[in-house]
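# Breakdown of the fold
Listed below, chain by chain, are the residues.
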Amino acid sequence: MSRSPVLAIMMWALVLLLFAGVARAAIHNAMLRGMPSLPKIPVPERSITSPNGTALPNLRTVYYFDQLIDHNNPGLGTFQQRYWMNWEFYEPGGPIILMTPGEVNGDSFVGFLTNDTINGLIARQQNGAIINIEHRFFGYSNPYNNLTSQSLALLTIQQAIDDLVYFATTADLPMAGGDNVKPGQAPWIIIGGSYSGALASYTMVNKPGIFWAGYLSSATVETITDYYDYFKPIREYMTQNCSSDIQAVIAYLDGMHVANDTAGIQKLQEAFSLGGLDHVGDFAAALQNNLWDWQALDPAVGPGAMFYQFCDALEVKDGVNAGPDGWGLDNAIYSWGNYWNTTYYNYSAVDRDVETCLGTFVPTDAYWTNVTVDNGNRSWFWMVCNQIGFYQVGPPEGQPAIVSRILQPSFLERQCVTMFPQAFTSPPETPTAKTNAMYAGWDVNVPRLFFANGLRDPWRGGTVSADGLNKPNTSSSPIYMSDGFHASDMITVNADVDPTVAVVQEAGLRYMKEWLAEWKPSTY
């Protein structure tokens, strides 16, 4: 008996919630909660066959590619870069669809090889094969066996671009005929979401002619240092009563900080059982955790999501919802603090003490000194400090604040020195303007690039759908926006519960079909 669509959506929502919880618990320090990363989806437990009925390898099968350690110095040799592949829809002449999941271990994103995602929908429609390739210095695709500053010097946007191009132009793929599908012999499509979407854009800008078309979801193409806009969609689209009460607590904290009321701040911290934090900036950063849970939302995620639990804890009292102004400061402090005491601290700290979990001023803590591989937070923070920025901080004076203005880029840039003392002797000013100049940022203008964004995405300010940008929407570079969240359009089931996501997915499929019909073999 087949399941009803409603039941399937409910089960999918539960799975997404479980994946979000696993991802949350794995992050040691609050600082990097808001990474621009893809949503996780499960891998279906089913047999895989080709169009002619041939049994295919399990989707979790890992393949290895001999990638250049340094594209500027090939003599240094190669390292093994992991990738996963599915060719259940492939027929000769179909496209090769390439994606890196970005700043994560690739094991958790094998689900993007299936038609539970836009990658698989395109592959099924166009008889294509799908590849997920692990980003250098993430997971177990490492040029060196450590993540020291010396090793991470080879973790740059340009090296990552060159990895994708070198793979496309030289890899012999494990399927039949996989040695004859290089660019020029077959059309290649590059797909990405979030940072990996930005990398896809950068690749098509920097190395034109390799990838015939691209699908970019929530792609943060414009790097921004002072990224207080992360919290703007959250404030605008969360319930008004919850926003009002959060703003009241944040204004109270900031007022005490300006007045140097250390006793008042300590009392407030103790209401959250965070009195053990020695620095008010760490307390302000801890309060961001509840807002970062917004990034785990999707149209298919139900009321059990952590963000909704948080707002319910603040706004529902004896079965009654607060009005748009909330319950007021005193109740907000009590309710928010009680939520941390009864629920959130154990959820986020995972049996660690307050200072170890949330503090950022002890340079000997293992979080700062651990240089073993598969430490995605460390690798990502290297990119943040050197090229990408996106420090999620409080807004300028005069704007509504759900995040404390104690948090400024300098608070996070200081941590670059703590984590990478061999590379930085003083807090760096991340050269985001240089990154945008090199890879076009918002000014990207290459043909056959489909942009998909979400109205409620906290990363929208770095995409081509940023407020006030008004980037032209053309048939060569169409821009579509759903009512969704971060990379919502990449997940197939979201279209079943949000018709605006369905519109985006259908448009993406339509453009891919049109663009691939124009492709002709050539010498790249």
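Structure shown above.
Below or above, wherever it landed, is the structure these notes cover.

Definitions and limits used
Residues numbered from 1 in each chain as written. Predicted model: local features only at pLDDT ≥ 70, side-chain atom pairs only at ≥ 80, totals over all residues. Heavy atoms only, no water. Helix = DSSP H or I, 4+ residues; strand = E, 2+ residues; numbered from the N terminus. Buried < 20%, exposed > 50% of the residue type's maximum accessible area, 1.4 Å probe, protein only. Contact = heavy atoms within 4.5 Å. Axes fitted to C-alpha atoms, helices over the stretch in contact; angles between N-to-C directions. Parallel < 35°, antiparallel > 145°, perpendicular 65-115°, else oblique. Left-handed = near helix turned anticlockwise from the far one by under 90°. Nonpolar A, V, L, I, M, F, W, Y, C, P; charged D, E, K, R; others polar. Disulfide = S-S within 2.5 Å. Pairing = 2+ DSSP bridges. Salt bridge = Lys/Arg side-chain N within 4 Å of Asp/Glu carboxyl O.

With respect to the helices and strands, the residue Ile-48 is situated in the loop between α1 (5-25) and β1 (63-68). Look at Ile-48 and you get buried, because its relative accessible area is 4%. Measuring from C-alpha to C-alpha, the distance between Ile-48 and Asn-86 comes to 8.4 Å, with 38 residues separating the pair along the chain. Leave out the neighbours within four places in its chain, and Ile-48 touches Thr-54, Ala-55, Leu-56, Pro-57, Leu-59, Asn-86 and Glu-88.

Here we come to the packing of helix α7 (residues 240-258) against helix α8 (residues 262-271). Closest axis-to-axis distance for the α7/α8 pair is 8 Å, and the angle between their directions is 150°. The angle between α7 and α8 places the two elements in the roughly antiparallel class. The interaxial crossing formed by α7 with α8 has left-handed handedness. The residues of α8 that touch α7, namely those facing Tyr-252, Leu-253, Met-256 and His-257, are Gly-264, Ile-265 and Leu-268. Class assignment for the residues of the contact of α7 with α8 results in five nonpolar, two polar and no charged.

Now for the state of the cysteines. Scanning all chains against the criterion turns up two disulfides. One disulfide in the model links Cys-242 with Cys-311; its S-S distance is 2.1 Å. Disulfide Cys-242-Cys-311: torsion about the S-S bond near -85°, hence left-handed. Of this pair, Cys-242 sits in helix α7 while Cys-311 sits in helix α10 (residues 306-315), placing them 69 residues apart in sequence. Considered together, Cys-242 and Cys-311 belong to a single accessibility category, that of buried residues. Each bonded cysteine of the chain is numbered by sequence order, and under that numbering the disulfide pairs are 1-2, 3-4.

Reading across the sheet, the eight strands line up as β1-β2-β4-β3-β5-β6-β11-β12 and stay open at both edges, with mixed pairing between neighbours. Of all the strands in the sheet, the pair left with one neighbour each is β1 and β12 (479-482). Across the sheet, the mean angle from the axis of one strand to that of its neighbour is 25°, orientation sign disregarded. Bridge count between strand β5 (residues 188-193) and strand β6 (residues 213-217): five bridges; the pairing is parallel.

For the rest of this paragraph, the subject is the pattern of salt bridges. A complete count under the given rule lists nine salt bridges for this structure. Put simply, Asp-172 and Lys-182 hold a salt bridge, and the shortest N to O gap is 2.7 Å. Of this pair, Asp-172 sits in the loop between α4 (157-170) and β5 while Lys-182 sits in the loop between α4 and β5, and the two are ten residues apart along the sequence. Here the salt bridges do not stand alone but share partners, grouping Arg-82, Asp-107 and Glu-134 into one network.

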